[in-house]
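Each chain is listed here by its residues.
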Amino acid sequence: MKKIGLFFLNLIKPFFTAYTARRPDYVNKLKGVFVKDPYFSGMVQKFNFWHRLIFSPYFNKVNVDPIELNNLKKLSETGTLVYIMKNQGQLEYSYFNHLFIKENIPLAHFANSAHTLYWRKFSDFRTSLAARLNYYYERGLLEDPLNSGFLEYLIANGNSPLLNLRVSRELIFGNTDDPIEFIPPLIKAARKSLRPVYLVTQQFLYSRHPEKENKSIIDALFGEKTNPGRFRKFVMFLFLYRKKATVKFGEALNLKDFIAQNPDDDDITLSSKLKNILMERLMVERRSITGPALVKREKLLDKMLRNKNFKDDLEKLCLETGQKREDIEKTVHRYFMEIAADFNYNYVDFYSAAIHWMTKNIYDGLDIDTEGLSRIKKIAGKYPIILVPSHKSHIDYLLLSYIFYNYDLTMPHICAGINLKFWPVTNFVRHGGGFYIRRTIGGNKTYKLVLEHYLKLLMREGYTMEFFIEGTRSRTGKLLKPKMGILSMLMQGYLDGATPDAYFVPISIHYERIMEQKSYMSELKGAEKEKENVVGIIKAGDKFNKKYGKVFIRFAEPVSLKSFLDEKNILPENQNIDEHRRAVEQFAYKMTYDINRVSVVTSTSLVATALLSFNEKGILSRDLFDRIRHLKNYLDYKGARLTDVVRLNETRAYQDALSKLSMEKTISHYRDFEEEFYTLDTPKRMMLDYHKNTALHFYVSLACVSKILENATSNTLTLEEIKKKYEMLKTLLRHDFTFSERTTLEEHILKVIRFYEQEKLLTYNPDTTEVCFDSCRLTSSFYLFSSLLDDFFEASLITLTYIKNMAFEQMDQKKLELDILAKGHLFYLKGALHYSESLSQSNIHNALTVYKDLGLIKADDAKLVSRNYDEQTIIQWENILKGLLKLTGAKKTLPPIQQEVPLLPEPTTPDLH
């Protein structure tokens, strides 16, 4: 064929020569065209009509991360980009040409094993062919791009090439080796270049599904989905392009820095190292999207059974229990199949479509922290990622899986409670990545062994995991105290060498309106929790004809478990049970701290907090908006995250929130002859309290300091006096909130003092540490902040009054809580309480736990509780609570701390308030 082609070219040479001899300007033009793109492989500035007609509609459907595109643009401003691909052909190259034109990213001026002649407009096509003919007739055949120095020339002039590292493995079209010979010219060019040379890996994925560990005949013949051959690529293009195609750009590698870091290596050695690095990066980046190869449960079980550590632990268990190994192995098999997830991407695609429909029809869309996702992408594929979201709704895990799948991150294995294991939900959960765990393990050592090693196996294989650190859904809107079980097992897995590191990602999920709100309110008033079953699913169907507002998802900075433990000098070879337990607690509270820190405050949260601060029946609109602005002012001072609508037009945001609450009949809106006002119905206050609690953690320190200043007998207190009184409030609130220990108590108080100084409401003398706050008592904002925790103090007083007046022996705690709620309702009817939301079973439960800590209640082994009457302690705390709430007959001052009030040591676990 080559000889025939050369014969034909020589045959037409006289005609071409005669034509160009009379047109020297045209010849010069041809030479200019040829110099720019001698190999017909440079990306085109504009595609021809047929290319735009056939390919552009498909190309515009491909997923691409805008943050990655912005990073490319920034790099191109300071250096020369060299694009690196693997086993990509004309179709993928064409797509990147289309994308780079669209996004104004530097085009590639050369690509090995690619050509763009047939994509060009006819006039460009004709000119390019003529330029090549002119070169051939003047100089002969074109040199190889490696020998001609063309690559070096391109990079020296700041132009980008694209290198395709081809590694094809298919029987039909054969194997193709990786051409390492293209790498040495890059190194030579980088040595000469005055600008940085950035190597940017990029790949085009036809499917986000992971590879299967067991290859099919189709995979062997036509290549796998993740690395398809020519025929399969064509088929996938036709059927999958619009829905599942994804583009991934990797982190840039500065080639000049790489050369400087290996000064003793020659170019051949550097090329080999660089090739390995690039291939590794391509693999990791692909894995960050698809995840590890998909393995059936039976194969995973086999891997676990063959693991040396598991064999050793199983042998120890046999010795401890005296059971035969084969008997325990049968139990292990049963427990493993009960626990393990069984991913099926047909189910995943169904979920994705269903959640997409929900976000458009039930919710007003998802507000996603894309920068947070970008941070996760930087570590994805390198180490296991463990997602630690807040838990407010059953929708949480569906949304996170949907986000990760559609934002090109590995689908997580989700820790699900055994309560969700019922027909027909079981298969949907398991095939969607859910693995089941029992609520309590008790003394079942075999079950614990299987669960621990299953988690280690997931870590070892590099899977993304997800668990809810609260253990259950929060019915109050607040973040619940963390549970340590799963976290302890994951930490132990790392210490046992399952992975060199693991990154934990705290996540805040916030709903403008919660689907389960009605059932939550019933449970807080004492109703039994409804058991999950098929009937519940059918009943839930009526929720799909309502709107639930937006959902806000925020990602905290990923936390390296290795770095955390290294700081505490907890090493795999130096383990101590007490140190491990403390590390688990500290890490757990770091997770909750980060969740709270990144949580979003909505206009509904601010409006609800302001509404609940009023005791009068009619709440004037101007007074309400005044309090809302005071609340937002403190959030601005704290640097809290507010929703876009609040930041851009806060008045409109508050009006919209009030309108929604009015439409839901949570509040009533009126206008008389003079002005507009709002009223609250007592049964609806609990719903508003849920919204208030989602942002309350930002105000806890402010409320405590304000309450101390409000109850002081003079207008001056020393910092030490405030600290002592603050410790007492911490004791009362220790199970409602976790007070931060990331900084000292003094620093927390000073931060509040600085806020009041900024507002010109007090003065602080750092020399004498005296706080003078006479101006505070003249402002409405001060009393607003002071009252924010009064419903918790009321719940504590109700509980204490019950303990004082009612003797009880070996009583079920749930029954006790319901009885206190019933008596508390009488208090409210009598007018002795201001806040109906204080009558929440959650508040009563936490107050009882405080009094259990103080010794006023004791529990036996059967978890039955009895009163341990201590009149002096009861009267002391009763006076304190009545003083805080300004009830008749109470002392107006908080008594001295050291002698009169028994305090409890604060748990050594940090959080944010």
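Everything numeric in this text was worked out from a predicted model, so none of it was measured.

1. Some remarks on the sheet that holds strand β25 (residues 811-812)
Then comes step 1: What the three strands build is an open sheet, ordered β25-β27-β26; its pairing is antiparallel. Bordering the open sheet on either side are β25 and β26 (857-859), each of which pairs with just one other strand.
Then comes step 2: Pairing of β26 with strand β27 (residues 864-867) involves three bridges; the strand directions are antiparallel. Counterpart to lysine 858 in the pairing with β27 is serine 866.

2. A closer look at the pattern of salt bridges
Then comes step 1: If you walk through the whole model with that rule in mind, you get 46 salt bridges.
Then comes step 2: The shortest N-O distance in the salt bridge between glutamate 523 and arginine 475 comes to 2.8 Å. Here glutamate 523, found in helix α23 (residues 517-524), pairs with arginine 475, found in the loop between β13 (465-466) and α22 (485-495); they are 48 residues apart in sequence, far enough to count as distant.
Then comes step 3: The buried category is assigned to glutamate 523, whose relative accessible area is 15%.
Then comes step 4: Overall, arginine 475 belongs to the buried group, its relative accessible area being 10%.
Then comes step 5: Between glutamate 727 and lysine 730 there is a salt bridge, with the nearest N and O atoms lying 3.9 Å from each other. Placement of the pair is glutamate 727 and lysine 730 together in helix α33 (residues 719-733), with a separation of three residues, close to one helical turn.

3. Notes on unusual backbone geometry
Then comes step 1: The phi angle at aspartate 408 is positive, at roughly 65°, despite the residue not being glycine.
Then comes step 2: Inspection of the secondary structure puts aspartate 408 in the loop between α19 (395-406) and β11 (413-417).
Then comes step 3: Given a relative accessible area of 7%, aspartate 408 falls into the buried group.
Then comes step 4: The phi torsion at glutamine 810 lies on the positive side, around 40°, for a residue other than glycine.
Then comes step 5: Note that glutamine 810 resides in the loop between α36 (790-805) and β25.
Then comes step 6: For glutamine 810, a relative accessible area of 53% corresponds to the exposed category.

Analysis parameters
Residues numbered from 1 in each chain as written. Predicted model: local features only at pLDDT ≥ 70, side-chain atom pairs only at ≥ 80, totals over all residues. Heavy atoms only, no water. Pairing = 2+ DSSP bridges. Helix = DSSP H or I, 4+ residues; strand = E, 2+ residues; numbered from the N terminus. Salt bridge = Lys/Arg side-chain N within 4 Å of Asp/Glu carboxyl O. Buried < 20%, exposed > 50% of the residue type's maximum accessible area, 1.4 Å probe, protein only.

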